[in-house]
Amino acid sequence: MALRGTFKQVLGAALAVGVAVCAGVLWQATGDPGDDGGPRGTADCAEVMAFARMAPPAGWRDGKCDQTGAADGRAAVLGTFRMEHADVEAWVASFPKAPEQVSCPGPRPDNYDPESEGCFALAHDQPQPGRAAGLRLRITPEVGTTAKIRFDAS
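Note that the structure is a prediction, hence the values are computed from the model and not measured.

K.L.:
Tell me about the state of the cysteines, and name the residues and values.
P.N.:
Following the criterion strictly, the structure yields 2 disulfides and no others. Paired through a disulfide, C45 and C65 show a sulfur-sulfur distance of 2.1 Å. Here the S-S torsion is close to 105°, and the disulfide linking C45 with C65 is therefore right-handed. Of this pair, C45 sits in helix α2 (residues 45-51) while C65 is found in strand β1 (residues 61-69), placing the two residues 20 residues apart along the sequence. Shown here is the disulfide that connects C104 with C119, its sulfur atoms set 2.0 Å apart. Since a negative S-S torsion denotes a left-handed disulfide, the C104-C119 link at about 115° is right-handed. Within this pair, whereas C104 is found in the loop between β3 (100-102) and β4 (118-123), its partner C119 is found in strand β4, the two being separated by 15 residues in sequence. The same class applies to C104 and to C119, which are both buried. In the chain, numbering the disulfide-bonded cysteines from first to last in sequence yields the connectivity 1-2, 3-4.

Conventions and cut-offs
- Residues numbered from 1 in each chain as written.
- Predicted model: local features only at pLDDT ≥ 70, side-chain atom pairs only at ≥ 80, totals over all residues.
- Heavy atoms only, no water.
- Disulfide = S-S within 2.5 Å.
- Helix = DSSP H or I, 4+ residues; strand = E, 2+ residues; numbered from the N terminus.
- Buried < 20%, exposed > 50% of the residue type's maximum accessible area, 1.4 Å probe, protein only.

Quick look at the structure:
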């Protein structure tokens, strides 16, 4: 009888490991559900940031960017990257024009703290051919010392 109880425990543990492995594979295949509608990484982020009229910050990493074109010839870009949280304020201050802080759109988790996340909008005064007329940023601190930056420009 003792063997039956041990067999059930071993079978249960094997089943739990199998479910965990399948969930991990599925997570990798489908991507992070927190980034629904995020960029797929089809464009060079340095070029996308140049179009958006912002300098890439020092030490940025994990960049994913996309660029699309509309039928009327206008382009739009979308991107995400990470950087050191301590450097965010100086990077935003380096913009030629100070962006305006705006409320962050979208659903908010139960533990949402508006003081920890910042959203900004910037409308450029002087149009430049082949460059964006405006830019929106969403800066979200992450666990540790990094911040995730999401941006779009058109």
